[in-house]
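Residues per chain are reported as follows:
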Amino acid sequence: MAKPIISADSHITEPPDTYTTRIERRFKDRAPHVVRDPKRGDLFVIEGIDKPIPMGLVAAAGKPAEELSKFGARFDDMHRGGWDPEARLADQERDGVAAEVLYPTVGMMLCNHPDVDFKQACFDAYNLWIAEYCATHPDRLIGVGQTAMRSVDEGIEDLRRIKALGLRGVMMPGNPAVADYDDPMYDPLWEAAVGLGLPLSFHILTSQQDTFRVRGPKINAFMSIIRGCQDIIGTFIFSGVFERNPSLRLVCVEADAGWVPHFMYRMDHAWERHRYWLTGGPLTRLPSE
């Protein structure tokens, strides 16, 4: 019997009312919303982000490369399964997929929003919507919630709310609002994630390192968007997070995997050869050694 195919990284398409009808009241006038451009189609406009998000580009599965530059799609032209769970199941049947782990699209871009309070309000609204979407078929639609990580205590509360909504994982911002993830202050958060059975996902384009500002031709920038995930993995490993929390599950999403063997080699070399001057002190062993 063939094993079921499960997509580990699928995306939804947030419908126009995702944020406007669910966001905290004080942010309602600023909620991300859709405008229709006669040439570029439907665009998600987010206060604090310079460029609107062309939905025809980010929801373009199956479109040939030469069409991606047109950007002119409206929601009515897009795959309905992006926001309609029943249509999604029909897509799964057509493609031979048994289940999908579902990540946000607009919410992915919100991870780098400069206003952390606004970002949290948007994530709270999104979590309500994705929970509704997945509740129709929880065995096949595996939702991942979001947290802005304004503080460790609030992050733990977010994990609990996400779990209570029936979601199955947490999409973390690449850069938290306070200290970086190597700080031991996060250990209670890692313990909570383990206790709740929630894997922590770090997706490309959610870190400040995932920038399209690089040298050379513009297309060269595409090569850099896995950098944030690489830095996060190094941060967790070198700071001993997994040594202190061996049951913690971390997911590196859409950053490929071909670089991992070389990355492991470089990490071993850095530790074995250069740990004295790179750590700035007489550190000679990992916490478990």
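Residues numbered from 1 in each chain as written. Predicted model: local features only at pLDDT ≥ 70, side-chain atom pairs only at ≥ 80, totals over all residues. Heavy atoms only, no water.

## Let's talk about the overall build of the chain
Right, so step 1: Assigned secondary structure in the chain consists of 9 helices and 9 strands.
Right, so step 2: Here the C-alpha radius of gyration of the chain, 20 Å, is about what a compact globule of 289 residues would show, namely 19 Å.
Right, so step 3: Considered along the principal axes of its C-alpha atoms, the chain spans approximately 60 × 55 × 45 Å.
Right, so step 4: Here the chain, with 289 residues, has 45% of them falling under the buried criterion.
Right, so step 5: Contacts in the chain between residues far apart in sequence, at least 24 positions, make up 68% of those at least 6 positions apart.
Right, so step 6: Of the roughly 15,500 Å² of accessible surface on the chain, 55% is carried by carbon and sulfur atoms. (Helix = DSSP H or I, 4+ residues; strand = E, 2+ residues; numbered from the N terminus. Rg over C-alpha atoms; globule rule 2.2 N^0.38 Å. Buried < 20%, exposed > 50% of the residue type's maximum accessible area, 1.4 Å probe, protein only. Contact = heavy atoms within 4.5 Å. Areas by Shrake-Rupley, 256 points an atom, 1.4 Å probe, with all protein chains shown as cover.)

## Thoughts on the pattern of salt bridges
Right, so step 1: Enumeration according to the criterion identifies 16 salt bridges in this entry.
Right, so step 2: The salt bridge involving R227 is made with D231; its shortest N-O contact spans 3.0 Å. Here D231 and R227 lie together in helix α7 (residues 227–238), a separation of 4 residues that amounts to about one turn.
Right, so step 3: According to the relative accessible area criterion, D231 is partly exposed, its value standing at 24%.
Right, so step 4: Here the residues in one salt-bridge network are R30, E47 and D115, joined through shared partners. (Salt bridge = Lys/Arg side-chain N within 4 Å of Asp/Glu carboxyl O.)

## Some words on the side chain of R140
Right, so step 1: For R140, the position within the fold is in the loop between α4 (116–135) and β6 (141–146).
Right, so step 2: Judged by relative accessible area, R140 falls into the buried class, the value being 16%.
Right, so step 3: Setting aside residues no more than four positions away along its own chain, R140 makes contact with L89, Q92, E93, V97, A98, A99 and E100.

## Some remarks on the sheet that holds strand β2 (residues 33–37)
Paired through backbone hydrogen bonds, the strands of a sheet run either parallel or antiparallel to each other.
Right, so step 1: Judged by pairing direction, the sheet is antiparallel, and its 3 strands sit side by side in the order β2-β3-β4 without closing on themselves. If you trace the sheet from one side to the other, it starts and ends with β2 and β4 (53–54), each paired once.
Right, so step 2: In this structure, strand β3 (residues 41–45) lies alongside β4, joined through 2 bridges in antiparallel fashion. Bridge pairing links F44 to I53 in β4. (Pairing = 2+ DSSP bridges.)

## Quick word on helix α2 (residues 85–95)
Right, so step 1: Listed in full, the buried residues belonging to α2 are P85, A87, R88, L89 and Q92.
Right, so step 2: Where the residues of α2 are buried, they touch β1 (6–11), β5 (99–103), α4 and β6.
Right, so step 3: Among the residues of α2, the N-terminal cap falls to D84, whose side-chain oxygen and the backbone nitrogen of E86 are separated by 3.0 Å.
Right, so step 4: Following α2 by one or two positions, G96 has its phi on the positive side, about 70°. (Polar contact = N/O pair within 3.5 Å; in protein donor to acceptor, adjacent residues only side chain to side chain.)

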